[in-house]
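# Structural overview for review
For reference, the chains in residue letters:
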Amino acid sequence: MRVRVEGDSMLPALRPGDWLWVRRGAPVRSGDLVLARLPADPSRLIVKRAAWRDGEDWWLESDNQRASGRRDSWDFGPVPVVGRVVARYRPPLSWPTFFRAR
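What comes next concerns the included structure. (Residues numbered from 1 in each chain as written. Predicted model: local features only at pLDDT ≥ 70, side-chain atom pairs only at ≥ 80, totals over all residues. Heavy atoms only, no water.)

## What about the overall build of the protein?
Of the regular secondary structure elements, the protein holds one helix and six strands. For the protein, the sequential pattern of α-helices and β-strands runs β-β-β-β-β-α-β. When the 102 residues of the protein are sorted by exposure, 32% land in the buried category. Contacts spanning at least 24 positions in sequence make up 48% of the contacts within the protein whose residues lie at least 6 apart. Total accessible area computed for the protein in this model is approximately 6,700 Å², and 51% of it derives from carbon and sulfur atoms. (Helix = DSSP H or I, 4+ residues; strand = E, 2+ residues; numbered from the N terminus. Buried < 20%, exposed > 50% of the residue type's maximum accessible area, 1.4 Å probe, protein only. Contact = heavy atoms within 4.5 Å. Areas by Shrake-Rupley, 256 points an atom, 1.4 Å probe, with all protein chains shown as cover.)

## Notes on the side chain of Asp-32
Looking at the element boundaries, Asp-32 is found in the loop between strand S2 (19–24) and strand S3 (33–38). Of the side chains bearing the opposite charge, Arg-84 lies closest to the buried Asp-32, which forms no salt bridge; the N-O distance is 4.0 Å. For Asp-32, the residues in contact, after removing those within four places along its chain, are Pro-27, Lys-48, Arg-49, Ala-50 and Arg-84. (Lys, Arg positive; Asp, Glu negative; His and termini not counted. Salt bridge = Lys/Arg side-chain N within 4 Å of Asp/Glu carboxyl O.)

## Considering the sheet that holds strand S5 (residues 57–61)
If you trace the six strands from one edge of the open sheet to the other, you get S1-S2-S6-S3-S4-S5, paired in antiparallel fashion. Every interior strand has two partners, whereas the edge strands, strand S1 (2–4) and S5, have only one. Within this sheet the neighbouring strands show an average axis-to-axis angle of 50°, counted without direction. (Pairing = 2+ DSSP bridges. Axes fitted to C-alpha atoms, helices over the stretch in contact; angles between N-to-C directions.)

## Looking at the packing of aromatic side chains
Under the defined criterion, the tally for this structure stands at four aromatic pairs. Pairing Trp-19 with Tyr-89 gives two aromatic rings, centres 6.5 Å apart and planes at 25°, and the pair type is stacked. Within this pair, whereas Trp-19 is found in strand S2, its partner Tyr-89 is found in strand S6 (residues 81–89), the two being separated by 70 residues in sequence. Aromatic rings pair up to connect Trp-19, Trp-21 and Tyr-89 into one cluster. The aromatic ring of Trp-19 is capped on one face by Arg-2, whose charged end is 4.5 Å from the ring centroid. (Phe/Tyr/Trp six-rings, centres within 6.5 Å; stacked < 30°, edge-to-face > 60°. Lys NZ or Arg CZ within 6 Å of the ring centre and 35° of its normal.)

## Remarks on unusual backbone geometry
Comment: phi is negative for the bulk of residues other than glycine, and the bulk of peptide bonds are trans. For the bond running from Leu-11 to Pro-12, omega is 5°, close enough to zero to count as cis. Within the element layout of this structure, Pro-12 appears in the loop between S1 and S2.

## Topic: the pattern of salt bridges
Taken as a whole, this structure holds six salt bridges when the rule is applied. A salt bridge links Glu-6 to Arg-4; the shortest N-O distance between them is 4.0 Å. By relative accessible area, Glu-6 is classed as exposed at 60%. A salt bridge links Asp-75 to Arg-70, with the nearest nitrogen and oxygen atoms 2.8 Å apart.

## Considerations on the nonpolar core
Ranked by size, the top nonpolar core spans ten residues in total: Val-3, Val-5, Met-10, Leu-14, Leu-20, Val-22, Leu-33, Leu-35, Val-47 and Val-85. Contributions of two or more residues to this core are made by S2 and S3. Apart from residues lying up to four places away in sequence, Leu-33 is in contact with Met-10, Leu-14, Lys-48, Arg-49, Arg-84 and Val-85. Grouped together as the second largest cluster of nonpolar side chains are nine residues, Ala-36, Ala-50, Leu-60 and Val-79 included. (Core = buried A, V, L, I, M, F, W, Y, C linked by side-chain atoms within 4.5 Å.)

Nothing here speaks to function; it is all geometry.
Have a look at this one:
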């Protein structure tokens, strides 16, 4: 699946507007970027760094703890992971202008 990054909580690793390919059910190790559901709003997905495993769930942390609106396991505890980020890409509009149609 693919997801779009919003917010500054994962700077400098991920920037707002980055797109990610996520592999559902992929094995996760500490330090991996992962996708999870926000416990307070399960319809919303969050991208965080897997810090450590706590039973079946993972403790997830933001790279930028000072970001406004940041939410991670420091706020809601360990959560199940949906998938692991396998690639990051930027949309074609961020490519050099000579790649754009005239």
